[in-house]
Amino acid sequence: MKKPSIILFSAFILLLVLGSHDGIAQRKRVVRKTVVVNTVPRSAVKVRHHRVNYWVHNNVYYRRTNGRYVVVSPPRGIRVTALPLGYRRVVVGRSVYFYAGGNYYVEQQDGYITVPPPVGALVETLPDSYKQVEVEGDTYYIAESVQYKAIIKDGEVWYEVVKVNSVS
């Protein structure tokens, strides 16, 4: 009587496929917690970038909002002297990038500069601010002037950078 277990196994596989996004896998859901503090550490350094003030302490960026400080990503184009702990070297085409905490950096003479993700890069999760759009039947995700498309890599959903719009 092995037929019931074959039927049960087949039903389980069918349920997995039908219950998944595009018949493959669902988009990863990552819960991100916004960190807000009343004061920044005393040794934080105030940095002005494109007319916006940031306070930086141990590679953590804070921005004052409504009388409190919110932890934010480093703004694009800002120069840092050292990469954050846990960074990863990423090669896309002939270019070398460094990736840490959802941010990309390129090396310069006197340190590193934050840059948009390169076209072709793969990321595990989308920025919190993404918007989903449909173009000719395809689904794309746009956040911070970057366009992503979901792909499957090693059986998991990843997001490939397909276009980067310049921001003035």
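Further up the page is the structure itself.
Summarised in this report is the structure supplied together with it. (Residues numbered from 1 in each chain as written. Predicted model: local features only at pLDDT ≥ 70, side-chain atom pairs only at ≥ 80, totals over all residues. Heavy atoms only, no water.)

### Some details on the environment of Leu122
Note on placement: Leu122 falls in strand β11 (residues 122-123). The class for Leu122 is partly exposed, based on a relative accessible area of 26%. Separated by 26 residues in sequence, Leu122 and Tyr148 place their C-alpha atoms 9.0 Å apart. In contact with Leu122, not counting residues within four places along its chain, are Tyr104, Ile151, Lys153, Trp158, Tyr159 and Glu160. (Helix = DSSP H or I, 4+ residues; strand = E, 2+ residues; numbered from the N terminus. Buried < 20%, exposed > 50% of the residue type's maximum accessible area, 1.4 Å probe, protein only. Contact = heavy atoms within 4.5 Å.)

### Some details on the sheet that holds strand β1 (residues 36-37)
Spatial strand order, β1-β5-β4-β3-β2: 5 strands in an open sheet with antiparallel pairing. Bordering the open sheet on either side are β1 and β2 (45-49), each of which pairs with just one other strand. Where strand β4 (residues 60-65) meets strand β5 (residues 68-72), 5 bridges bridge the pair, whose relative direction is antiparallel. The residue of β5 that forms the bridge with Arg64 is Tyr69. (Pairing = 2+ DSSP bridges.)

### A short note on the pairing of strand β7 (residues 88-92)
Looking at chain direction, β7 and strand β8 (residues 95-100) are connected through 5 bridges and run antiparallel. Directly across from Val90, in β8, lies its bridge partner Tyr97. Between β7 and β8, which pair antiparallel in sequence order, lie 2 residues; one of them, Gly93, sits at a positive phi of approximately 65°.

### Section: the sheet that holds strand β10 (residues 111-115)
Read across the open sheet, the 5 strands follow the order β6-β10-β9-β8-β7; overall the sheet is antiparallel. The outermost strands of the open sheet, each flanked by one partner alone, are β6 (79-80) and β7. Relative to β10, strand β9 (residues 103-108) runs antiparallel, the two being bridged by 5 bridges. Residue Tyr104 lies in a different strand from β10, and its bridge partner there is Val115.

### Description of the packing of aromatic side chains
By the definition in use, this model includes 8 aromatic pairs. Taking 6.4 Å as the distance between ring centres and 75° as the angle between the ring planes, the aromatic pair formed by Tyr54 and Tyr61 counts as edge-to-face. A relative accessible area of 7% means that Tyr54 is categorised as buried. Note on Tyr61: relative accessible area 5%, which makes it buried. Residues Tyr97 and Tyr104 carry aromatic rings whose centres are separated by 6.2 Å and whose planes lie at 90° to one another, so their mutual orientation is edge-to-face. Looking at Tyr97, the relative accessible area reads 15%, which means it is buried. An aromatic cluster is present here, built from Tyr87, Phe98 and Tyr112 joined pairwise through their rings. Over the ring of Tyr140 we find Lys149; its NZ or CZ atom is 5.1 Å from the centre of that ring. Between the NZ or CZ atom of Lys153 and the centre of the ring of Trp158, over which it lies, the distance is 4.6 Å. (Phe/Tyr/Trp six-rings, centres within 6.5 Å; stacked < 30°, edge-to-face > 60°. Lys NZ or Arg CZ within 6 Å of the ring centre and 35° of its normal.)

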